[in-house]
Amino acid sequence: MPKATISNPELKPGRTNLFVLSEKGGVRKTATALRIAAVAMEAGCAFHIVQVDDQSRVEQLYPGHVTTIKLPSAEAVRRDELAEARALDPLLARLLDTPDGIVIVDVGANFDARVMEFLAGMDYPTESAEAGIANIAIVPMTTEQDAVMLGVRSIRRFDACFPGSRLIVARCQDGGDFGSLQIQAQQAFNEFVKPRIADPNNVIDLAFLRPRSRQTLERLGCTAEQLASMPPRELEARTGLLRAETRQILFDLSECLDAIDTEVTRALGPFRSAAAG
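Notes on the structure in this doc start here.

Rules of the game
- All residue numbers refer to position in the chain's written sequence, counted from 1.
- Reporting of local features is limited, given that this is a predicted model, to residues whose pLDDT is at least 70; pairs of side-chain atoms are given and counted only at 80 or more, and all residues count toward the totals for whole chains, interfaces and linings.
- With hydrogens and water set aside, each side-chain value is computed from the structure's full complement of heavy atoms.
- Counting from the N terminus, the helices are DSSP H or I runs at least four residues long and the strands are E runs at least two residues long.
- Radius of gyration: C-alpha atoms only; globule rule: 2.2 Å multiplied by the number of residues to the exponent 0.38.
- Between buried and exposed lies partly exposed: a residue is buried under 20% and exposed over 50% of the maximum accessible area for its type, with that area taken using a 1.4 Å probe on protein chains only.
- Shrake-Rupley sampling with a 1.4 Å probe provides the accessible areas, and residues are treated as covered by the protein chains on show and by no other component.
- Counted as positive: Lys and Arg. Counted as negative: Asp and Glu. His and the chain ends are not counted at all.
- For the purpose of locating charges, the reference atoms are NZ of Lys, CZ of Arg, CG of Asp and CD of Glu.
- Two strands are counted as paired when DSSP detects at least two bridges linking them.
- Under this scheme, a helix contributes an axis fitted over its contacting stretch, all axes are lines through C-alpha atoms, and angles between N-to-C directions fall in the 0 to 180 degree range.
- The contact criterion used throughout is that any non-hydrogen atoms of two residues lie within 4.5 Å.
- Any carboxyl oxygen of Asp or Glu within 4 Å of a side-chain nitrogen of Lys or Arg constitutes a salt bridge here.
- We call Phe, Tyr and Trp rings a pair once their centres come within 6.5 Å, taking the six-membered ring for Trp, and we label the pair stacked below 30 degrees between planes, edge-to-face above 60, and tilted otherwise.

For the rest of this paragraph, the subject is the overall build of the chain. Across its full length, the chain carries 12 helices and seven strands. Computed over C-alpha atoms, the radius of gyration of the chain comes to 19 Å, within 12% of the 19 Å expected from 2.2 N^0.38 for 277 residues, which places it in the range of a compact globule. In the chain, which comprises 277 residues, the proportion classed as buried is 52%. Working note: accessible area of the chain is about 13,100 Å², and carbon and sulfur atoms make up 51% of it. Of the charged side chains in the chain, 31 are positive and 37 negative; the average position of the first set lies 4 Å away from that of the second.

If you want it as structure tokens, here you go:
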């Protein structure tokens, strides 16, 4: 389906923080964060990823551009009431003190409530507003019932923490239909999601990844970015696939990533040039 051409304000270097979040796992949060980083790097825009999770593949892709935060267990927090604040202090520092570019916060499933509660407790929404820092949420969502329900919970948490701030729905093209949800999920979608995506500025379509490409990613345990950059002969050797099969997989994957990059640039506006760091 052709996309409307949208003219958006550019992201302000150093003063925009992007939160990629959903309480639901497996909805391509990290994949979305990585594509934003790829677009920023291609444009020469400084960026840093803070992952409130532990995915070593992110650090492998962007060494020197990643801060990893491991949240303490509930038992650890019960024993030490400051454990959570200590763990999340590097996040607060990055959000407030990064001098240039953008900060991309990849919030793991089930962690967004803790992150939003921490930021509210630190009075970050007020301090960032006074500093002219824009806070934008990106909530990836599939057509699964629980993905919609849990995604809506994350939307409501972000709205409560950052009232009036921009929120973008990353709509996963998974072959399903948001118009065929069960009653409760449909009501939640219609109330909290549909009004937002009526504005093309507030929606990103995540292109469908063909089943064979997804299977290859799962088999090799790598990211789409790592697979896309793999030489065809290496992919043949590691998978035992035919030459034509490996080339088709790489072609399909490249098309998918290019389509997502186009959507990211369209929705977020041009990344203003800055020294990468």
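Right, let's get into the sheet that holds strand β4 (residues 102-107). Read across the open sheet, the seven strands follow the order β3-β2-β4-β1-β5-β6-β7; overall the sheet is parallel. If you trace the sheet from one side to the other, it starts and ends with β3 (66-69) and β7 (203-206), each paired once. Averaged over all pairs of adjacent strands, the angle between their axes in this sheet comes to 20 degrees, without regard to strand direction. With five bridges connecting them, strand β5 (residues 134-141) and strand β6 (residues 167-172) associate as parallel partners. Counted as the bridge partner of I138 is I168 from β6. Running at roughly 150 degrees to β3, helix α4 (residues 83-97) makes contact with β1 (16-20), β2 (47-52), β3 and β4 of the sheet. Against the sheet, helix α12 (residues 243-268) engages β1, β6 and β7, with an angle of about 180 degrees to β7.

Right, let's get into the pattern of salt bridges. Oppositely charged side chains can form a pair if their charged atoms are brought close together. A complete count under the given rule lists 16 salt bridges for this structure. One salt bridge in this structure joins R153 and E23, with 3.3 Å as the shortest N-O distance. You can see R153 sitting in helix α7 (residues 145-161) and its partner E23 sitting in the loop between β1 and α1 (29-42), a full 130 residues away along the chain. The class of R153 is partly exposed, set by a relative accessible area of 43%. Here E23 falls in the buried class, since its relative accessible area comes to 11%. A salt bridge links E23 to R157; its shortest N-O distance comes to 2.8 Å.

As a further point, take the pairing of β4. Of all the six residues making up β4, six are buried; the element is thus mostly covered by neighbouring parts of the structure. Burial of β4 is two-sided: the residues I102, I104 and D106 facing one way and the residues V103, V105 and V107 facing the other way are all buried. Sheet analysis places β1 next to β4, joined by five bridges and oriented parallel. Across the sheet, the residue bridging to V20 is D106, located in β4.

Here the focus is the packing of aromatic side chains. Evaluated as defined, the whole model comprises six aromatic pairs. Between the aromatic rings of F19 and F162, the centroid separation amounts to 5.7 Å while the plane-to-plane angle is 35 degrees, which identifies the pairing as tilted. With F19 in strand β1 and F162 in the loop between α7 and β6, this pair connects stretches of sequence that are 143 residues apart. Comparing F19 with F162, the two get one shared label, buried. For the pair F47 and Y62, a centre-to-centre distance of 5.4 Å together with 85 degrees between the ring planes defines the contact as edge-to-face. You can see F47 sitting in strand β2 and its partner Y62 sitting in the loop between α2 (56-61) and β3, a full 15 residues away along the chain. Y62 shares its class with F47; the two are buried.

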